[in-house]
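Chains, contacts and geometry: an overview
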Amino acid sequence: MGSADHKKQVLTYPIASGGMGYAVENERTVYLEGDPETGYSLYGQIPGTTEASAVNLAEVLLEFAMTWNSPGDTSEARRQMQVFGEHIGEALATQSVQVKPVNGGLGRAAGALEDVFRSLDASFACCHTKSVVSFQLDQSPLRKAAEVTGLEQEVELAHHAYGAICQSLVGAIDPKLQVQLPGGPNTAHTISVMAPTSNGR
C-alpha cells in the first residue's frame, strides 16, 4: 500500500454483523493500488483507519457475502454478488489497459488475472500457449480466507463474485477472449483464458 497517487477508490460497502436484517456496524472501501510497471492490488480498508484494518480481496468478498447471505431465495444475493464482482473487475480492467502486453489482449488479460490472484493471496501456477493461458490454484483462496475469518457459510456466494470479477475483467480487456471458470469453490481449480482460433472457435 503505497502513495495516494497510485491509489483509487473502487466502491464502499456496509459491514453487517450478520446477514440481511442485521445492524450495519461499519463500512469498508475497496481500493485499487499500483501502476502499469509493478502491477495492481485490490484490498479493503475501513475509511479513516490505519492500514491495520486492511483485508485482502478474498476477505472482502466473504464480508460482502455475509451482508446478503440469508435463508430462502438466494437470487437477489447472487445478483448483488454479480454486480459487486463486475464493478471490481471492470475497475481493474480500466487500469490494466495501460499495461503493454507481451501477447496482445491475451497477455494483458493474463497479467490482470495475476493481479487478482495476488490480491486474493492465492498461490498459483501459470501455463502459457499461443492461444491459451491457464492458471492452476492448488487451494481455493476463498476457503483459505474463510478458515481464518470463520465465514465458511459465505464461500458459495463469495465464489459467485469471484467468477464475476474474472469474467468481467477479461471481457472488458478483450471481448473476443473466452474464460473458463470453475463451477464451484473447490479446493483446487483451474481458470483458463482462450483467444479465438483462426476458424472462429
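This text gives an overview of the structure that appears in the document. (Residues numbered from 1 in each chain as written. Predicted model: local features only at pLDDT ≥ 70, side-chain atom pairs only at ≥ 80, totals over all residues. Heavy atoms only, no water.)

To continue, consider the side chain of Ser119. Relative to the elements of secondary structure, Ser119 occurs in helix H3 (residues 104-119). Of note is the side chain of Ser119, whose polar atom sits 2.8 Å from the backbone nitrogen of Leu42. A polar side-chain atom of Ser119 sits 2.8 Å from the main-chain carbonyl oxygen of Asp115. Contacts of Ser119, omitting those with residues within four sequence positions, involve Tyr40, Ser41, Leu42, Asn56, Leu57 and Ala58. (Helix = DSSP H or I, 4+ residues; strand = E, 2+ residues; numbered from the N terminus. Polar contact = N/O pair within 3.5 Å; in protein donor to acceptor, adjacent residues only side chain to side chain. Contact = heavy atoms within 4.5 Å.)

Another point: the pattern of salt bridges. Across all of its chains, the model carries 4 salt bridges by this definition. Here Arg79 ties to Glu76 by a salt bridge, and the two come within 3.0 Å at their closest N and O atoms. Taken as a pair, Arg79 and Glu76 lie in helix H2 (residues 75-96) at a separation of 3 residues, close to a single helical turn. When its relative accessible area of 34% is taken as the criterion, Glu76 is described as partly exposed. Shared partners join several salt bridges into a network, and the residues in it are Glu114, Asp115 and Arg118. (Salt bridge = Lys/Arg side-chain N within 4 Å of Asp/Glu carboxyl O. Buried < 20%, exposed > 50% of the residue type's maximum accessible area, 1.4 Å probe, protein only.)

Across its 19 residues, helix H5 (residues 155-173) extends 27 Å between first and last C-alpha, which sits within 8% of the 27 Å expected from 1.5 Å per residue. Among the 19 residues of H5, 15 are classified as buried, and the element is accordingly described as predominantly covered. (Expected span 1.5 Å × (residues − 1).)

What follows concerns the layout of surface pockets. The volume enclosed by the second largest pocket comes to roughly 160 Å³. Forming the boundary of the second largest pocket are 13 residues, of which His159, His160, Gly163, Ala164 and Leu181 lie nearest the centre. The set of elements that each furnish at least two residues to the lining of the second largest pocket consists of H2 and H5. In terms of residue count, the dominant contributor to the lining of the second largest pocket is H5 (7 residues). Residues that form the lining of the second largest pocket fall into these classes: 5 nonpolar, 6 polar and 2 charged. (1 Å grid on protein atoms, 1.4 Å probe; cavity = no way out; pocket = protein on both sides within 12 Å on 5 of 7 lines; lining within 4 Å. Points joined across faces, edges and corners; volume = space filled by probe spheres on them. Nonpolar A, V, L, I, M, F, W, Y, C, P; charged D, E, K, R; others polar.)

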